[in-house]
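These are the residues of each chain, in order.
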Amino acid sequence: EGTIAGNIWQVDETTGSIKLGVSSALDLQGQELRNVRSIMNLGGKWSVSENGLLVVEEIQAKRVRVESGVTIKDRKTGAYFCLAIEDGSIKTEEGE
């Protein structure tokens, strides 16, 4: 009762694109979003690729776990360096 299911989705018959037909947020009510190849925000500021690459402008976290190293761009030269821990000591090597 009171649903508008027929008007929620719009399909572009030329491209096959499916668009939300109402100007409202899509509430999945705690359900999973499955079988998605990639996700990108409207402005292109962040994305998640099908290979698991997360691209963002900034990260704020309480904890970060890194398996092999962190790549950082040298502010002066523009070269990339990988920081890693080896036998408890910080090691750097040029490259990504």
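Residues numbered from 1 in each chain as written. Predicted model: local features only at pLDDT ≥ 70, side-chain atom pairs only at ≥ 80, totals over all residues. Heavy atoms only, no water.

**Brief notes about unusual backbone geometry**
Right, so step 1: Within the chain, Gln-29 stands out as a residue other than glycine whose phi angle is a positive 50°.
Right, so step 2: Summarising the element assignment, Gln-29 is placed in the loop between β2 (18-20) and β3 (39-40).
Right, so step 3: One non-glycine residue with positive phi stands out, namely Asn-35, at about 55°.
Right, so step 4: Within the element layout of this structure, Asn-35 appears in the loop between β2 and β3.
Right, so step 5: For Asn-35, a relative accessible area of 83% translates into the label exposed. (Helix = DSSP H or I, 4+ residues; strand = E, 2+ residues; numbered from the N terminus. Buried < 20%, exposed > 50% of the residue type's maximum accessible area, 1.4 Å probe, protein only.)

**Focus: the pairing of strand β7 (residues 80-86)**
Right, so step 1: For strand β6 (residues 70-73) and β7, the ladder comprises four bridges, and the chain directions are antiparallel. Bridge assignment links Val-70 to a residue of β7, and that residue is Leu-83.
Right, so step 2: The antiparallel hairpin formed by β6 and β7 contains six residues in its connecting segment, where Gly-78 sits at a positive phi of about 85°.
Right, so step 3: Two strands pair when backbone bridges link them, and β7 and strand β8 (residues 89-94) are joined in this way by six bridges, in the antiparallel orientation. Considered in β8, the bridge of Phe-81 is made with Glu-94.
Right, so step 4: Taken together, β7 and the strand that follows it, β8, pair antiparallel across an intervening segment of two residues, in which Asp-87 is found at a positive phi of about 50°. (Pairing = 2+ DSSP bridges.)

**Description of the sheet that holds strand β5 (residues 54-55)**
Right, so step 1: An order of β3-β4-β5 is seen for the three strands of this open sheet, with the pairing classed as antiparallel. Unpaired on one side and paired on the other, β3 and β5 mark the two borders of the sheet.
Right, so step 2: Bridge count between β3 and strand β4 (residues 47-48): two bridges; the pairing is antiparallel. Paired with Ile-39 across the strands is Val-48, a residue of β4.

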